[in-house]
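The chain contents come next:
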Amino acid sequence: MTKAREAVLEVLESAKNPLSAADVAANISTLCDTATVYRSLHYLEEQGLAESFVLYCTTHGTERYYVPHNAEHRHWFHCEQCHRFVDLGCCRIESLLEKMEAETGVSIRTHTLYATGLCSECRAKTGAANNSAGNEPAQSQAPTAFIASSDHCQSRSG
Ligand SMILES: [Zn+2]
Ligand SMILES: [Zn+2]
Ligand SMILES: [Zn+2]
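The notes below deal with the structure included here. (Residues numbered from 1 in each chain as written. Chains lettered and ligands numbered in written order. Predicted model: local features only at pLDDT ≥ 70, side-chain atom pairs only at ≥ 80, totals over all residues.)

Here's the deal with the environment of Ala25
Tracing the backbone shows Ala25 in helix H2 (residues 21–27). In this structure Ala25 comes out as partly exposed when scored by C-beta crowding, with 19 C-beta atoms within 10 Å. With ten residues separating them along the chain, Ala25 and Ala35 place their C-alpha atoms 9.4 Å apart. In this view, Ala25 contacts Thr34 and Val37; residues no more than four positions away in its chain are not counted. (Helix = DSSP H or I, 4+ residues; strand = E, 2+ residues; numbered from the N terminus. Buried ≥ 20, exposed ≤ 12 C-beta atoms within 10 Å, placed from the backbone. Contact = placed C-beta atoms within 7 Å.)

What follows is the structure, given as structure tokens:
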């Protein structure tokens, strides 16, 4: 692997969340231009060392984000207000996908799922601002129960 590819993979692996090509370029210590970063990301994905998904948000538009492939397959939440990623934990829709396969006869190889909305911090801020208005629908229960511990991630061997 070239130095640039190694450096790009290193940036992905040390990141705590998905990165766009621009994020990688901004974090890379090796001297390489954006075109090299793009090419390296493409290469890493081709080699199965990285995977990516495309996410739309009003500020960033349509952007591709990369994670290293050695990471546990998981799903991400993107906050539409502060634009940070929140780890939603390991994949819990596999049984649903199996059901879909059984119902339709297709064979699912990969899937992409991301969620957008407001993170807990932005919710708290928005909630505080809205409290005086008092016209919020019954939606005040924070979805904290949805964030699972990842301890059962490893034990899925079939
Ligand atoms: Zn937020
Ligand atoms: Zn964003
Ligand atoms: Zn999944």
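Picking up where we left off.
Things to note about helix H4 (residues 94–104)
Within H4, only zero of the eleven residues are buried, leaving the element largely exposed. Positioned one or two residues after H4, Gly105 has a phi angle of 80 degrees, which is positive.

Observations regarding unusual backbone geometry
A positive phi angle, near 60 degrees, is found at His83, a position not held by glycine. Summarising the element assignment, His83 is placed in the loop between strand E4 (74–79) and strand E5 (85–90). Judged by local crowding, His83 falls into the partly exposed class, with 14 C-beta atoms found within 10 Å.

A look at the pairing of strand E2 (residues 50–57)
The pairing of E2 with strand E3 (residues 61–68) spans eight bridges and is antiparallel. Its bridge partner being in E3, Leu55 is matched across the sheet by Glu63. Between E2 and E3, which pair antiparallel and follow one another directly, the connecting turn spans three residues. (Pairing = 2+ DSSP bridges.)

Some details on the sheet that holds E5
Across the sheet, three strands lie side by side as E5-E4-E6; this open sheet has mixed pairing. Edge positions in the sheet fall to E5 and strand E6 (114–117), since each has one partner strand and no second. Sheet twist, expressed as the average angle between the axes of neighbouring strands with direction ignored, equals 20 degrees. (Axes fitted to C-alpha atoms, helices over the stretch in contact; angles between N-to-C directions.)

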